[in-house]
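Letter by letter, the chains look like this.
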Amino acid sequence: MRKTKVVTSEDILLKLCQSATAVLTKATNSPVHHAAMVQKIAKTSLKPDLGCFVLFDGGFSGLVVINFSSAAAMEIYNNYMQPV
């Protein structure tokens, strides 16, 4: 008999973090790390200097917010624009 694997919210959130990290690492050709922080929020804001958010809904609903300081954003952008 085949076992059913239960996918939790934490599993989905970890996969989202790993995916975003992998995309940024590949795009910039330099290691990028994420801070694992999950919280319920009542108000959404983009801080400090550059940010984006993605809202998703379905079997799992939520909001992914990614914020960068201007220095980090410029470093990522500069690395992204460098020829390989």
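Residues numbered from 1 in each chain as written. Predicted model: local features only at pLDDT ≥ 70, side-chain atom pairs only at ≥ 80, totals over all residues. Heavy atoms only, no water.

1. A closer look at the overall build of the protein
Quick note on the threshold: Comment: elements are numbered from the N terminus, with helices defined as DSSP H or I runs of at least four residues and strands as E runs of at least two. Only protein chains enter the calculation, and the probe is 1.4 Å; a residue is then buried if its accessible area is under 20% of its type maximum, exposed if over 50%, and partly exposed in between. Every residue pair with non-hydrogen atoms within 4.5 Å of one another is taken to be in contact. All accessible areas in this document rest on Shrake-Rupley with a 1.4 Å probe, and a residue is counted as covered only by the protein chains that are shown.
When you go through the protein residue by residue, the secondary structure sums to two helices and two strands. When the helices and strands of the protein are placed in sequence order, the string is α-β-β-α. When burial is assessed residue by residue, the protein has 8% of its 84 residues classed as buried. Contacts in the protein between residues far apart in sequence, at least 24 positions, make up 23% of those at least 6 positions apart. Approximately 7400 Å² of the protein is accessible, and the part contributed by carbon and sulfur atoms is 60%.

2. Let's talk about helix α1 (residues 9–28)
What counts, and what does not: An expected span of 1.5 Å times one less than the residue number is assigned to each helix.
Between the first and last C-alpha of α1 there are 29 Å, a value that for 20 residues agrees with the 28 Å anticipated at 1.5 Å per step. Immediately downstream of α1, the backbone of Asn 29 shows phi near 55 degrees, a positive value.

3. Comments concerning the side chain of Thr 21
Assignment of secondary structure puts Thr 21 in helix α1. Residue contacts for Thr 21: discarding those within four places in its chain leaves Val 32, His 33 and His 34.

4. Some details on unusual backbone geometry
Unlike most non-glycine residues, Asn 29 shows phi in positive territory, near 55 degrees. On the secondary structure map, Asn 29 appears in the loop between α1 and β1 (50–56).

5. So, the packing of α1 against helix α2 (residues 70–81)
Think of two packed helices as two axes; the pair is described by the angle between the axes and how far apart they sit. Condition: In this description, a line fitted to the C-alpha atoms serves as the axis of each element, helices being fitted only across the stretch in contact, and the angle between N-to-C directions of two axes falls anywhere from 0 to 180 degrees. The cut-offs work like this: below 35 degrees is roughly parallel, past 145 is roughly antiparallel, 65 to 115 is roughly perpendicular, and the gaps in between are oblique. Lys, Arg, Asp and Glu make up the charged group, whereas Ala, Val, Leu, Ile, Met, Phe, Trp, Tyr, Cys and Pro make up the nonpolar group; the residues left over, Gly among them, are polar.
Packing of α1 against α2 leaves a shortest axis separation of 7 Å and a crossing angle of 55 degrees. Our classification of the angle between α1 and α2 gives oblique. Here Leu 24, Ala 27 and Thr 28 of α1 come into contact with α2, specifically with Ile 76, Asn 79 and Tyr 80. Residue composition of the contact of α1 with α2, by class: four nonpolar, two polar and no charged.

6. Quick look at the environment of Met 74
With respect to the element layout, Met 74 can be found in helix α2. With a relative accessible area of 46%, Met 74 lands in the partly exposed category. Expressed as a C-alpha distance, the spacing of Met 74 and Leu 50, which sit 24 residues apart in the sequence, is 9.8 Å.

7. A word on a nonpolar patch on the surface
Note the threshold: Put simply, a patch holds well-exposed residues, over 30% relative accessible area, that have no salt bridge, with like charges counted together within 9 Å and Val, Leu, Ile, Met, Phe, Trp or Tyr side chains within 5 Å. Basic side-chain nitrogens of Lys or Arg form a salt bridge, by our definition, when they fall within 4 Å of a carboxyl oxygen of Asp or Glu.
Where nonpolar side chains cluster on the molecular surface, the patch consists of Met 74, Tyr 77, Tyr 80 and Met 81 and spans about 460 Å² of accessible area. As for its position among the elements, Tyr 77 is in helix α2.

Shape is all these values report; function is a separate question.
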